[in-house]
Every structure is written in structure tokens, then in C-alpha cells.
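Architecture at a glance
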Amino acid sequence: MVAGAPPVTPEHVLQHRAPAPGYLCPLSANTYDVEFVEFEIRDYETGASVFKVSRPPGAPPVPKHIDPALEDQVRQVRYAFPEEFLRAQGIRTALKFKVGDEPVPDFRMIERHYFQGELLRSFDFNFGFCIPNSTNTWEAVYPMPENSPARIKALVASPYAHVSDSFYFSGQQLIMHNKAQYRYVPTGP
């Protein structure tokens, strides 16, 4: 975030047509000490788990200040999904997160996905009010966009060219910004 720049709001990020350059808030913006504990993605139709990650019990929290050269290691995820994931009709995501000593009013996540200069899809989830020192779960089921055979071929042929920004807000205040890159592994001849 550039000093003197206007604050980043939900309305601002919903206008993005390309990935954000860098990170739009520092790690120290997470004044509510929101910490992600577990995340899983399942194919809604088959129930098959496509991705699951859990924070080890007792792991130290993410530091509020790190060398900018190391930020991607803390704030970016690289996913590898099977090619079939691109044909899924719907997916189910389950998120578990903790909140620190302060309540989080109007907790909201906006996630924007891009590929080759195009906005693929945008998700906007309202978690609502989170009480202090709580562990919360959020489950969402949503349809996947229909991908043409040409789009699937392009995504498989372009590892990590599909990228996303995840913005987390408390009301109008951006408190977290993370990124992800996606690779699709061919599964057939």
C-alpha cells in the first residue's frame, strides 16, 4: 500500500480487472489476529477432497512484520489440482479460522480469479460478526463456471497462470490480502 493512497475498500477491489500489484495492506493490518486454521475444497457432486490443509497445532502465529522479500512465502498459496477439477459442476469449501481478543465486525472476503488478462470469476462472502477469541467455521457450496475444452486445454498448458487475490475486510477496512496461483495436472491421454 502506498503512503497517502486512498484506503482500499470492497468497492475498490470489486472493480479490479487484473491481479493487484503486490499486497494492498501490510501483515500488521490484521489487528483482529484472524488466523486460518484449516481449509478444504471438495467436488460437490462426488464428495472427493481435492485439497486440504491444516495449520499444525501449536504453530506460531504469522509474524506481523517480515522482510518484504519473504512475503510470498507467507501470503501466497500454490495449488495443484487434477484437470478434472476444471469440469466440476460445483464445489464445496470449508474454512476454519480463529479470531483474537477483539470482535471482528462485518468480516467479509472477496476473491477475484484471473487468467491471461481476463477476470474468470469473483466470489464475495460475508462471514458477519465474529466474537473475540472464537474459532469459526464457514462452508460454502457454489457452482463452477463452465469451461470450454479450449479453456481447459489453455489452463492445463499454463501452470500457475491462473491467479487470484483474496481480500479480507472488517467493514470498509482491508485487514488481510493473500494471493494464490493454480496449476492443473493432466490426468488422461
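Quick caveat, the model's predicted, so the values are computed rather than measured.

Details of helix 3 (residues 149–157)
- Within helix 3, the full set of buried residues consists of Ile152, Leu155 and Val156. Buried residues along helix 3 cover an arc of 100° about the axis, so they all sit on one side. Facing away from the buried side of helix 3 by more than 90 degrees, the exposed set consists of Ala150, Lys153 and Ala157.
- Each element contacted by the buried residues of helix 3 is listed here: strand 5 (104–115), strand 8 (162–170) and strand 9 (173–185).

Comments concerning the side chain of Glu71
- Structurally, the position occupied by Glu71 is in helix 2 (residues 71–75).
- Setting aside chain neighbours within four positions, we find Glu71 in contact with Tyr23, Ile66 and Gln76.

Regarding the sheet that holds strand 2 (residues 49–54)
- With antiparallel pairing, 4 strands are arranged side by side in an open sheet as 2-1-4-7. Both edges of this open sheet fall to strand 2 and strand 7 (135–143), since each of them pairs with a single strand only. With direction set aside, neighbouring strand axes in the sheet form an average angle of 10°.
- Pairing between strand 4 (residues 90–98) and strand 7: 9 bridges, direction antiparallel. Its bridge partner lying in strand 7, Arg92 is registered against Val141.

Overview of the nonpolar core
- Membership of the largest hydrophobic core comes to 34 residues, with the highest contact counts inside it found for Val34, Phe81, Phe97, Phe107 and Tyr184.
- If you list the elements that add at least two residues to this core, you get strand 3 (76–82), strand 4, strand 5, strand 6 (118–130), strand 7, helix 3 and strand 9.
- Those residues in contact with Val34 that lie beyond four places of it in its chain are Phe97, Lys98, Val104, Phe107, Ile175 and Met176.
- The next biggest cluster of nonpolar side chains, apart from the first, holds 10 residues, and it includes Val8, Ala20, Leu24 and Phe169.

Examining the confidence of the model for the chain
- Here the chain shows a mean pLDDT of 93. Residues at 70 or above account for 96%.
- Predicted confidence in the chain is weakest over helix 2, with a mean pLDDT of 89, and strongest over strand 8, with 98.

Looking at the pattern of salt bridges
- One pass over the full model with this rule turns up 9 salt bridges.
- Across the salt bridge formed by Arg55 and Glu35, the nearest N and O atoms sit 2.9 Å from each other. Note that Arg55 is positioned in the loop between strand 2 and helix 2 and Glu35 in strand 1 (residues 35–43), a separation of 20 residues in sequence.
- Note on Glu35: relative accessible area 24%, which makes it partly exposed.
- Residue Glu83 is joined to Arg87 by a salt bridge in which the shortest nitrogen-to-oxygen separation is 3.0 Å.
- Judged by its relative accessible area of 15%, Glu83 is buried.
- With relative accessibility at 46%, the residue Arg87 sits in the partly exposed group.

Conventions used here
- Residues numbered from 1 in each chain as written.
- Predicted model: local features only at pLDDT ≥ 70, side-chain atom pairs only at ≥ 80, totals over all residues.
- Heavy atoms only, no water.
- Buried < 20%, exposed > 50% of the residue type's maximum accessible area, 1.4 Å probe, protein only.
- Helix = DSSP H or I, 4+ residues; strand = E, 2+ residues; numbered from the N terminus.
- Arc of directions from axis to C-beta.
- Contact = heavy atoms within 4.5 Å.
- Pairing = 2+ DSSP bridges.
- Axes fitted to C-alpha atoms, helices over the stretch in contact; angles between N-to-C directions.
- Core = buried A, V, L, I, M, F, W, Y, C linked by side-chain atoms within 4.5 Å.
- pLDDT = per-residue confidence, 0-100.
- Salt bridge = Lys/Arg side-chain N within 4 Å of Asp/Glu carboxyl O.

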